[in-house]
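Listed below, chain by chain, are the residues.
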Amino acid sequence: MMTGFWTSMRRDLVLATRHKSEWLTALFFFVMVTNLLPLGVGPEVSLLRKIAPGVLWIGALLSTLLGLQRLFSSDHADGTLEQMALSPVPLAWLVAGKMVTHWLVCGLPVVLMAPLLGLQFDLPSRSLGILVLSLLLGTPILSAVGALGAALTLGLRGGGALLSLLILPLYIPALIFGAGAVEADMAGISPQGHLSLLGALLVLSVFFSPWVTSLALRIALE
Amino acid sequence: MSNSVINWFKYASPATFYPLAGRLIPWFSGLAVLLIAWGLWIGLFVAPTDAQQSEGYRIIFVHVPASWLSMFIYCVMAFWSALGLAFNTRLSGMLTAALAPTGALFAFLSLWTGALWGKPMWGAWWVWDARLTSQLILFFLYLGFIALQSAIDDPRRADRAGALLALVGVVNVPIIYFSVQWWNTLHQGASVSLTKAPSMAHVMLEGMLIMALGFWSYAIAVVLTRVRCIILERELTSEWVKRNAVD
Amino acid sequence: MRGYGLYVWGSFGACALGMVIEPLWVRQRLRTIQSRLPKRELKG
């Protein structure tokens, strides 16, 4: 069971290191989106500080979406997905391995990059810590729920736009609690409530998503 | 003993369901017209003008039934989706597909009437109130479902993928509603929330319930008609369609 | 309607519009499919 998980994870990590461009583009997309915003909204710091949590979180949301499209499509194209479905190891474990890799490749860099961008929005240093914590809890949710969307829209035309239309409504609770945690901290209220709810969402989505995604894959592979 | 066992699956096959739907549609459409006419009569003429919101509150006679119906239809879609995935019955997928457009229409109507109600009461077309925002997200869920189904050509995969999305969606609706509620109360300063429904005089509540029943029978009639279209579209080549073609 | 006419008739009108167009559209869709079906020889 676990060996299947580790092998699928290691395999995807090796693939990711070979094609660095995939996840680097998603990371630079995150940086670009968050840097574009002050150009649109204006340089006054008080406003930027107010909207910073929302911007950083929406940037993380969109860059995860960007990285999701190739999660299953390359394996689907060359048939390894069928092999994975036929293998004795339950598909859910293999899918979980792919999800963890997607998080390591697309989610973690965003978490590490966020404080740097937070400084651009003049976030107080304590809130930067909460921002990193909320993103650390939040980005795995984005990967887990997003993987389900990627499985549902496997091989469909208009994949990217369709994927975002399906998945963005499901991202809303994570966005609300994630961005809310940082805002609460900046407003002086303790972000404990938000972070614990975010943790609850994390546990829920990480627990159910591999199974549901493998169901969706079996539907898509029929 | 066996004859007393209800054959649950008697109407599960499209061939037997098609004529049944045909017989039901006139009844439900007639019922819908009667109930809506009666409800409108109460809502517009019998109900007294509200002390605080004078005439504007009459919009609840359409806004609330539309909102209830949009949420209820999504739950019915999830029910048929679960059934379809469990028993692999084709008809459940057809019913889910038939329900979605009507649900999306009522979600849109609920938003439209909610905005029109908000304008006179709070001076803003769109109020980021928890219920209105959740209704907006429900509307996106409907659009996502319809977009997914239209992007898949093979009906079998479309049904099953749609069913899975509807089930995931219905699990998320309470979570979304709770998080939007939490988000709304925290930003209380920034937005104004719809006050509790105006103290419901008996006649107002009665009018609204009649309208709701009218909307429900309307929805049943339309969905049954659409499911007949879907049945025909998918079963054109099958034998029973050729035999008793037009009825 | 003391000034609320626009809003009340705006919402009732939108609902009426939606709930009239949708049935007509669906019935029309049914008619087109049924017309494409092979007619039964003896109409009875």
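Scoring rules and cut-offs
Here the residue index of a chain counts from 1 through its sequence in written order. Both sets of labels track the order of writing: A upward for chains, 1 upward for ligands. For a predicted model such as this one, the threshold for reporting local features is a pLDDT of at least 70, and the threshold for listing and counting side-chain atom pairs is 80 or more; totals across whole chains, interfaces and linings nevertheless cover every residue. Calculation of side-chain values draws on the structure's entire complement of heavy atoms; hydrogens and water are dropped beforehand. Secondary structure follows DSSP: runs of H or I at least 4 residues long count as helices, runs of E at least 2 residues long count as strands, and numbering of each begins at the N terminus. Relative accessible area decides the class of each residue, using a 1.4 Å probe on protein chains only: under 20% of the type maximum gives buried, over 50% gives exposed, and in between gives partly exposed. Each accessible area is a Shrake-Rupley estimate made with a 1.4 Å probe; only the visible protein chains count as cover when residues are assessed. Throughout, the protein atoms alone are placed on a 1 Å grid, and a set of points is a cavity if a 1.4 Å probe fits but cannot get out or a pocket if it is open with protein on both sides within 12 Å along at least five of seven lines; lining residues have an atom within 4 Å of a point. Grid points are joined across faces, edges and corners, and a volume is the space filled by probe spheres set on the points. Amino acids outside the nonpolar list (Ala, Val, Leu, Ile, Met, Phe, Trp, Tyr, Cys, Pro) and the charged list (Asp, Glu, Lys, Arg) are all regarded as polar, and Gly is one of them. Residues are treated as being in contact if the distance between any of their heavy atoms lies within 4.5 Å. The term salt bridge refers to a pairing of a side-chain nitrogen on Lys or Arg with a carboxyl oxygen on Asp or Glu at a separation within 4 Å. Here a polar contact is taken to be a pair of N or O atoms separated by no more than 3.5 Å, where protein atoms must pair a possible hydrogen donor with a possible acceptor and residues adjacent in sequence count only if both atoms sit in side chains. Summed over both partners, the accessible area (1.4 Å probe) lost when two parts come together is defined as the buried area. For patch detection, residues must exceed 30% relative accessible area and be free of salt bridges, and they are connected within 9 Å for like charges or within 5 Å for nonpolar side chains (Val, Leu, Ile, Met, Phe, Trp, Tyr). To obtain an axis, a line is fitted to C-alpha atoms, over the contacting stretch when the element is a helix, and the angle between two such axes runs from 0 to 180 degrees between their N-to-C directions. In what follows, roughly perpendicular refers to angles from 65 to 115 degrees, roughly parallel to angles under 35, roughly antiparallel to angles over 145, and oblique to any angle outside these ranges. By the definition used in this description, the sense in which the near helix is turned from the far one sets the handedness, with an anticlockwise turn below a right angle giving left-handed and a clockwise turn giving right-handed. As a per-residue measure, pLDDT tells how confident the predictor is, with possible values from 0 to 100. Aromatic pairing here means that ring centres of Phe, Tyr or Trp (its six-membered ring) are within 6.5 Å. Orientation follows from the plane angle: under 30 degrees is stacked, over 60 is edge-to-face, and everything else is tilted. By definition here, charges over rings are those cases where NZ of Lys or CZ of Arg is within 6 Å of the ring centre and within 35 degrees of the ring normal. Working definition of a nonpolar core: buried Ala, Val, Leu, Ile, Met, Phe, Trp, Tyr and Cys residues. They are joined through side-chain atoms within 4.5 Å.

### Notes on the overall build of chain C
Check the secondary structure of chain C and you find one helix and zero strands. The buried share of chain C, reckoned over its 44 residues, is 39%. When the accessible area of chain C is evaluated, it comes to approximately 3000 Å², of which 67% is carbon and sulfur surface.

### Comments concerning empty space enclosed by the protein
Applying the stated criterion across every chain, the model contains one cavity of 30 Å³ or more. There is about 50 Å³ of room inside the largest cavity. Lining the largest cavity we find Leu165, Leu166, Pro169 and Leu170 of chain A together with Tyr74, Phe140, Leu141, Gly144, Phe145, Leu165 and Gly169 of chain B. Residue assignment for the lining of the largest cavity shows that the elements contributing at least two residues are helix H8 (159-186) of chain A together with helix H4 (130-151) and helix H5 (155-186) of chain B. Its residues assigned to classes, the lining of the largest cavity shows nine nonpolar, two polar and no charged.

### Regarding the interface of chain A and chain B
With 28 residues of chain A in contact, the opposing surface of chain B contributes 29 residues. On inspection of chain A and its partner chain B, the count reaches three salt bridges. Here Glu222 of chain A makes a salt bridge to Arg156 of chain B, at a shortest N to O gap of 3.5 Å. Remark: the boundary between chain A and chain B carries six residue pairs in polar contact (both at pLDDT 80 or more). At the level of secondary structure, the elements contributing two or more residues to the side of chain A that touches chain B comprise helix H7 (125-152), H8 and helix H9 (192-221) of chain A. When grouped by side-chain class, the residues that make up the side of chain A that touches chain B number 22 nonpolar, three polar and three charged.

### What about the interface of chain C and chain B?
In this complex, chain C contributes 26 residues to the contact, which on the side of chain B involves 42 residues. Contact between chain C and chain B buries roughly 3100 Å² in total, counting both sides, with carbon and sulfur atoms accounting for 75%. Three residues stand out in chain C for area buried against chain B, namely Tyr7, Phe12 and Met19 of chain C, and they jointly supply 20% of the buried area on that side. We note a salt bridge from Arg226 of chain B to Glu22 of chain C, for which the minimum N-O separation is 2.8 Å. Tallied by class, the residues present in the side of chain C that touches chain B amount to 15 nonpolar, four polar and seven charged.

### Quick notes on a nonpolar patch on the surface
Taken together, the side chains of Leu204, Phe207, Phe208, Trp211 and Leu215 of chain A define a hydrophobic patch exposed on the protein surface, amounting to about 540 Å² of accessible area. Its place among the elements puts Leu215 of chain A in helix H9.

### Here's the deal with the packing of helix H1 (residues 14-46) of chain B against helix H6 (residues 202-235) of chain B
Residue and element names in this part refer to chain B. Taken N-terminus to C-terminus, the directions of H1 and H6 make an angle of 155°; their axes are 7 Å apart at the nearest point. In terms of their interaxial angle, H1 and H6 are classed as roughly antiparallel. Every pair of crossing elements has a handedness; the one defined by H1 and H6 is left-handed. Classifying every residue of the contact of H1 with H6 by side-chain character gives 27 nonpolar, seven polar and three charged.

### Points about the packing of helix H2 (residues 20-41) of chain A against helix H6 (residues 91-120) of chain A
Residues and elements named next belong to chain A. The interhelical angle for the contact between H2 and H6, taken along N-to-C directions, is 25°, at an axis separation of 10 Å. Our classification of the angle between H2 and H6 gives roughly parallel. Here H2 runs over H6; the crossing is right-handed. Facing H2, whose interface residues are Trp23, Ala26, Leu27, Phe30, Val31, Thr34 and Asn35, H6 presents Val105, Cys106, Pro109, Val110, Met113, Ala114, Leu117 and Gln120.

### A word on the pattern of salt bridges
Counting across every chain of the model gives 15 salt bridges over all chains. Residues Arg234 of chain B and Asp159 of chain B are paired through a salt bridge, measuring 2.7 Å at the closest nitrogen-oxygen approach. Of this pair, Arg234 of chain B sits in helix H6 while Asp159 of chain B sits in helix H5, placing them 75 residues apart in sequence. Residues participating in the shared-partner salt-bridge network are Arg11, Asp12, Asp75 and Lys98 of chain A.

### So, the side chain of Thr139 of chain A
Residue and element names in this part refer to chain A. Residue placement: Thr139 occurs in helix H7. In this structure Thr139 comes out as buried when scored by relative accessible area, which is 1%. Not counting chain neighbours up to four residues away, the residues in contact with Thr139 comprise Trp103, Gly107 and Val111.

### As for the confidence of the model for chain C
Confidence in the prediction for chain C averages 82 pLDDT; 80% of positions are at 70 or higher. In the model output, the complex is listed with pTM 0.90 alongside ipTM 0.90.

### Describing the packing of aromatic side chains
Taken as a whole and judged by the stated rule, the model has 17 aromatic pairs over all chains. Measuring from centroid to centroid gives 4.8 Å for Phe72 of chain B and Trp216 of chain B, while their planes differ by 15°, and the two rings are stacked. Of this pair, Phe72 of chain B sits in helix H2 (residues 60-87) while Trp216 of chain B is found in helix H6, placing the two residues 144 residues apart along the sequence. Taken together through their ring pairs, the aromatic side chains of Phe5, Trp6 and Trp93 of chain A make up a single cluster. The positively charged end of Arg228 of chain B is found above the aromatic ring belonging to Tyr18 of chain B, 4.1 Å away from the centroid.

### Some remarks on the nonpolar core
Of all hydrophobic cores here, the largest spans 150 residues; its most connected members are Trp57, Phe72 and Leu131 of chain A together with Phe61, Phe106 and Phe215 of chain B. Per-element accounting of this core gives the leading share, 16 residues, to helix H3 (residues 90-122) of chain B. Non-local contacts of Leu131 of chain A, meaning those with residues more than four positions away in its chain, are made with Leu56, Trp57, Ala114, Leu123 and Val182 of chain A.

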